[in-house]
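Working through the structure, step by step
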Amino acid sequence: MAYAGQHLDAARVLVVGPAWVGDMVMAHTLVPGLVRRGAVVEFLAPPATAALARRMPGVTAVHDLNVDHGGFGLGERVEVARRLRRHGFDWSIVLPNSWKSALAPFLAGIPRRTGFTGEARFGLLNDRRRLDVRNLPRQVDRFASLADVEPSNPRLDASPSAGMEFLRRFGLNRGGAALVALCPGAEYGPSKRWPAERFAELARRLAGAGSAVCVLGGLRDREYGAAIAERSPALDLTGRTRLFEAVDILSASSAAVTNDSGLMHVAAAVGVPVAAVYGSTTPGLTPPLSARAVAIGQELPCRPCFKRECPLGHLACLTNTPARRAMDALRELGVVGV
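Given the structure is predicted, the values throughout are model-derived calculations rather than measurements.

Here the focus is the pattern of salt bridges. Within this structure, the stated rule accounts for 18 salt bridges. The salt bridge involving Asp248 is made with Arg55; its shortest N-O contact spans 2.9 Å. Taken together, the positions of Asp248 in helix α10 (residues 243-252) and Arg55 in the loop between α3 (50-53) and β3 (59-64) put the pair 193 residues apart, joining distant regions of the chain. Given the relative accessible area of 6%, Asp248 is considered buried. A relative accessible area of 16% places Arg55 in the buried class. Among the ionic pairs, Arg231 bridges to Glu197, the shortest N-O distance being 3.7 Å.

Before going further, it helps to spend a moment on the layout of surface pockets. The volume enclosed by the second largest pocket comes to roughly 150 Å³. Taken together, Pro190, Arg193, Trp194, Pro195, Ala196, Glu223, Tyr224, Ala227, Leu315, Leu318 and Thr319 make up the full set of residues lining the second largest pocket. Of all the secondary-structure elements, those providing two or more residues to the lining of the second largest pocket are α9 (222-230) and α12 (316-319). It is α9 that contributes the most residues to the lining of the second largest pocket, 3 residues altogether. Taken together, the residues of the lining of the second largest pocket sort by class into 8 nonpolar, 1 polar and 2 charged.

The subject of this paragraph is empty space enclosed by the protein. One pass over the structure, following the stated rule, counts 1 cavity of 30 Å³ or more. A volume near 100 Å³ is recorded for the largest cavity. Along the walls of the largest cavity sit Ser191, Ser280, Leu300, Cys302, Arg303, Cys305, Cys310, Pro311, Leu312, His314, Leu315 and Cys317, which together make up its complete lining. Broken down by class, the residue content of the lining of the largest cavity amounts to 8 nonpolar, 3 polar and 1 charged.

Cut-offs used in this document
Residues numbered from 1 in each chain as written. Predicted model: local features only at pLDDT ≥ 70, side-chain atom pairs only at ≥ 80, totals over all residues. Heavy atoms only, no water. Salt bridge = Lys/Arg side-chain N within 4 Å of Asp/Glu carboxyl O. Helix = DSSP H or I, 4+ residues; strand = E, 2+ residues; numbered from the N terminus. Buried < 20%, exposed > 50% of the residue type's maximum accessible area, 1.4 Å probe, protein only. 1 Å grid on protein atoms, 1.4 Å probe; cavity = no way out; pocket = protein on both sides within 12 Å on 5 of 7 lines; lining within 4 Å. Points joined across faces, edges and corners; volume = space filled by probe spheres on them. Nonpolar A, V, L, I, M, F, W, Y, C, P; charged D, E, K, R; others polar.

Below, the structure is given as structure tokens:
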């Protein structure tokens, strides 16, 4: 069995991954350190984020947990545990804090099961950690601490050529122009979403400077994508791409302008310059982990509040951030053609 501070001697480690896109990207932070210590790292992942785990350098296999986000799926968890038992894992690192996320490693009989105490997971975890938010300010710090490694900037493998081929199928002829991807979604709630009219103004400014612009997001972002495309020449791809296709498109882009969202972390992980607009949250907790990233937002007495919706009803932390600030950020990042 592997213990903190000891060489893992090629131990098999199962990481239970999160269902949120951004959290799953940040989960890669612990993989390089484990691999350097001799571990074979595999992931257990739900449908929403399994595609990201399959793009992580150093991850040798991904086991699917076919339970929808928020679902319990007891029968599926029991069946997955039965399959996992045959793989002989030495250690499981459970990144989500929910009770149900620790169930499969427990039922699989994995000897060491590490995670934060979370939802009173006594018994399910036998290496429970207390979360010290002061000494572990960022999400990546928290994830890496569970593996007893130093955090690494998350990385994802991607294919820019596949991304460009996808864009060509949708009629975007980039030529030699810069391509800027706009990512207006944020699953957390309205307090993390820069208004669509700001994204649309930015798209018009970018187009006026000669850049090609596309809008990326999931089905829930269709309203924002349509509003941006109605007011600008941006190509709206919201709800029209699978997650792995969005990864490739971002890798083919010259830059991305995002909210504090999952696609912000994807863009940073594929090495694309990122201008990230923050509202109710702060880059102190979930920064885009790249030297080629700029976080922008309004410093207000009420920020950060970490609320899903503005408790004061004005969303000034977002509405007071103009489109020209995002343009300035892209220039700060050295993006050519904006």
